Amino acid sequence: MNEREKQNSFIVNRMVDDGIFLYYQQRHRKIMYCDILWIEASGSYCNMHMADQKQIVFVYTLYQLYDKLPKDRFVRIHRSYVVNIYAVTAFLHKMLYIGEQMLIISSPYLENVMSYFNCIDNRK
């Protein structure tokens, strides 16, 4: 690898990886991944539900946002929902809980969603 390739490789790997910058209130603002609980699609808008109980509305589609989020932290559970897998506090069958908020996991996503959890089930 020559010097130019090394520099280009370094530049590609220097991306900020603790959050995403989204255009909100007339500037690009950093939204920390750990502060995002789940994102809900609403047409060509998205409602981002935050850890501090706030909701932020963005003029992005869910597809646009999900495409830019880290797949080891965010998972699609429904065509209208993406969740921060680290914010999940419980699940039961096709229901996932983030605190007291219940979100439905649709069938096409169920197997993938469940693969994120390390579970012991001793029910008979």
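Okay, so let's go over this structure. (Residues numbered from 1 in each chain as written. Predicted model: local features only at pLDDT ≥ 70, side-chain atom pairs only at ≥ 80, totals over all residues. Heavy atoms only, no water.)

1. Re the sheet that holds strand β4 (residues 45–50)
Phase 1: Strand order in the open sheet formed by five strands is β5-β4-β3-β7-β6, and the pairing between neighbours is antiparallel. If you trace the sheet from one side to the other, it starts and ends with β5 (55–58) and β6 (74–78), each paired once. Averaged over all pairs of adjacent strands, the angle between their axes in this sheet comes to 20°, without regard to strand direction.
Phase 2: Pairing between β4 and β5: four bridges, direction antiparallel. Paired with Cys 46 across the bridge in β5 is Phe 58. (Pairing = 2+ DSSP bridges. Helix = DSSP H or I, 4+ residues; strand = E, 2+ residues; numbered from the N terminus. Axes fitted to C-alpha atoms, helices over the stretch in contact; angles between N-to-C directions.)

2. Details of the sheet that holds strand β10 (residues 101–104)
Phase 1: Strand order in the open sheet formed by three strands is β8-β9-β10, and the pairing between neighbours is antiparallel. The outermost strands of the open sheet, each flanked by one partner alone, are β8 (90–92) and β10. When the angles between neighbouring strand axes are averaged without regard to direction, this sheet yields 25°.
Phase 2: Both strand β9 (residues 95–98) and β10 contribute to a ladder of four bridges, which runs antiparallel. Following the sheet pairing, Ile 98 is matched in β10 by Gln 101.

3. A closer look at a nonpolar patch on the surface
Phase 1: On the surface, Tyr 45, Val 57 and Val 59 cluster together into a nonpolar patch covering about 290 Å² of accessible area.
Phase 2: Relative to the elements of secondary structure, Val 59 occurs in the loop between β5 and α2 (62–68). (Patch = residues over 30% accessible without salt bridge, like charges linked within 9 Å, V, L, I, M, F, W, Y side chains within 5 Å. Areas by Shrake-Rupley, 256 points an atom, 1.4 Å probe, with all protein chains shown as cover. Salt bridge = Lys/Arg side-chain N within 4 Å of Asp/Glu carboxyl O.)

4. Details of the environment of Leu 62
Phase 1: Along the chain, Leu 62 falls in helix α2.
Phase 2: Residues Leu 62 and Asn 47, spaced 15 residues apart in sequence, show a C-alpha to C-alpha distance of 9.2 Å.

5. Here we look at the packing of aromatic side chains
Phase 1: Counted according to the given criterion, the structure contains four aromatic pairs.
Phase 2: A centroid spacing of 5.5 Å and a plane angle of 55° characterise the contact between Tyr 24 and Phe 58, whose relative ring orientation is tilted. Here the residue Tyr 24 occupies a position in strand β1 (residues 19–24), and Phe 58 occupies one in strand β5, the gap between them amounting to 34 residues.
Phase 3: Since its relative accessible area comes to 1%, Phe 58 is described here as buried.
Phase 4: With a centroid separation of 5.8 Å and an interplanar angle of 70°, the aromatic rings of Tyr 33 and Phe 74 are classed as edge-to-face. (Phe/Tyr/Trp six-rings, centres within 6.5 Å; stacked < 30°, edge-to-face > 60°. Buried < 20%, exposed > 50% of the residue type's maximum accessible area, 1.4 Å probe, protein only.)

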